[in-house]
Amino acid sequence: MTLNLNRRMLLISAAIGAVLVGACAFPSRRGSELPPIVFVHGDGDTAGIWLTTIWRFESNGWPRERLHAIDLPYPMARTDDAKAQPGRSSTAEHMAFLAAEVDKVLASTGAKQVVLIGNSRGGYAIRNYVASGGATKVSHVVIGGTPNHGVWSDAAYLPGNEYNGAGPFLTKLNAQDGSEVTAGPRWMTIRSDNNDKYAQADGVWIQRPGFATNVTADGPALKGAENIVIAGLDHRETSFSPKAFERTYRFITGSSPAKLTIIPEARVVLEGKVSGFGVDNVQGASPSNLPLVGATLEVYATDPATGERVGPAVHRKTVGADGRWGPFATDPKTSHEFVITAPGYAITHVHRSPFPRSSDIVNLRAERIADADRDAAAVIVLSRPRGYFGVPRDRIALDGKSPPDGIPPGTAGLSTAKLKLADRPGRAVIGEFNGERIVGRAWPTAENHAVTLELHY
């Protein structure tokens, strides 16, 4: 009798435990009950940098309408945060923009709180927002690669810059009574062990070799947060890699994601914004996320083996005041070439791998040809927006050369590799990175063409 009673109690306890475990994890909820997530990009970036992260959340059941990436109009920081600078934003402007976007998301979803996920400078806006009254609207914060104690910490060098750990912005943000995080939300940081270009003791990556930054690899960590170290990741991979996604998902939900791969959709619909550079509209201006009104965007299907167009344009649109270039329907197996034509810019050709899933943040920037490159028959750039090229860590090749010219060994710190062709334009050029392969065509520089092979992964 006693044994049967004990057995019954154990079964009841196990059943209650299973219910409680399930109730603690967000994935047990219906999609409409999962918290909305707001993604905040870093310096110079666009909402589109979160493309693959959002695909991974979707592939694990997160509703698309509850995943929102912001697009800061002027994404680059000022040289001195307190002084106006055309085409750049202050910390106060950055925070105000984020606050407005959070309110929009809460209003559209009916949720009481959001999850905030930021990369690099995006983490500054998040910390500033939460510390300035936003804490009650946020349940979780995840920031990857954010230089929370500065890219350098030196009162004599650019003392008003937001990246200076000894400057007023970070000094105030980090002075919180023994903790460096604002109470309310749960906090997590993700950093590299030693491969983050902005957490180095030497200033080589801020163009000051030999300069003591007074910053170490643990600079992104915060007192009061759960601080995660993932070996080998570069600055951007702390947010955009599968490993960073796995830790982020687990932190938010309490359980590991069912899959790290991206699940293709049968029908893919793409949309995004076309933008250019800053208000002065000259070479060297800061990148902008403002609509490039009047630009024309054409989309071509391409042969993945040769980069050649397969037939006429499958989509064409003149960009209006909203900057949007779509929508455009395709499939998950077709490679594409996006062509932007706009006054004051090069005819910009962007070759992309097939898109496995739909997205409304396929953002594109028109480019300009640097004066130093105009002597080339053609200029092709291999671009990896969601990470850097590491040698010997990665397998990278451009037009058969591995690694491409200009990619140094050691700390991964460059996200582009440039090829200046001296031979005939018009031929195929292949870019490869760790299994992703893109083939484009070498359009002639003399006719004002610029070519980018843009990697997804």
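Cut-off values and rules
Residues numbered from 1 in each chain as written. Predicted model: local features only at pLDDT ≥ 70, side-chain atom pairs only at ≥ 80, totals over all residues. Heavy atoms only, no water. pLDDT = per-residue confidence, 0-100. Contact = heavy atoms within 4.5 Å. 1 Å grid on protein atoms, 1.4 Å probe; cavity = no way out; pocket = protein on both sides within 12 Å on 5 of 7 lines; lining within 4 Å. Points joined across faces, edges and corners; volume = space filled by probe spheres on them. Helix = DSSP H or I, 4+ residues; strand = E, 2+ residues; numbered from the N terminus. Axes fitted to C-alpha atoms, helices over the stretch in contact; angles between N-to-C directions. Parallel < 35°, antiparallel > 145°, perpendicular 65-115°, else oblique. Nonpolar A, V, L, I, M, F, W, Y, C, P; charged D, E, K, R; others polar. Buried < 20%, exposed > 50% of the residue type's maximum accessible area, 1.4 Å probe, protein only. Pairing = 2+ DSSP bridges.

Concerning the confidence of the model for the protein chain
- Residue-level pLDDT values for the protein chain average 92, and 92% of them are 70 or greater.
- Every residue in residues 1-27 is under pLDDT 50, and counting partners more than four places away or in other chains gives 14 contacts.

Topic: the layout of surface pockets
- Empty space within the second largest pocket amounts to approximately 350 Å³.
- Along the walls of the second largest pocket sit 21 residues, with Ala47, His68, Ala69, Asp360 and Ile361 positioned nearest its centre.
- At the level of elements, helix H2 (51-59), strand S2 (67-69) and helix H3 (91-109) are the ones that each hand at least two residues to the lining of the second largest pocket.

Remarks on the packing of H3 against helix H4 (residues 121-134)
- Orientation of H3 relative to H4, taken along the N-to-C sense of each, is 75°, at an axis distance of 9 Å. With respect to H4, the axis of H3 lies roughly perpendicular. Within the contact between the two elements, H3 uses Thr91, His94, Met95, Leu98, Ala99 and Val102 and H4 uses Arg121, Gly122, Ala125, Ile126, Asn128, Tyr129 and Ser132.
- Tallied by class, the residues present in the contact of H3 with H4 amount to seven nonpolar, five polar and one charged.

A word on the pairing of strand S18 (residues 378-383)
- Within S18, six of the six residues are buried, which leaves the element mostly enclosed by the surrounding structure.
- Because side chains alternate across S18, one face comprises the buried residues Ala378, Ile380 and Leu382, and the other comprises Val379, Val381 and Ser383, equally buried.
- Where S18 meets strand S20 (residues 416-421), six bridges bridge the pair, whose relative direction is antiparallel. Each bridged residue has a counterpart across the sheet, and for Ile380 the counterpart in S20 is Leu419.

Let's talk about the sheet that holds S2
- Read from one edge of the open sheet, six strands run S2-S1-S3-S4-S5-S8, paired in parallel fashion. The outermost strands of the open sheet, each flanked by one partner alone, are S2 and strand S8 (226-230). Averaged over all adjacent pairs, the angle separating strand axes in this sheet is 15°, with direction ignored.
- Inspection of the sheet shows strand S1 (residues 37-40) paired to strand S3 (residues 114-119) by four bridges, in the parallel sense. Across the sheet, the residue bridging to Val40 is Gly118, located in S3.
- Packing against the sheet, H3 makes contact with S1, S2 and S3, and its axis sits at approximately 145° to S3.
- In this fold H4 packs onto S1, S3, strand S4 (138-144) and strand S5 (186-192), with an angle of close to 145° to the strand it touches most, S3.

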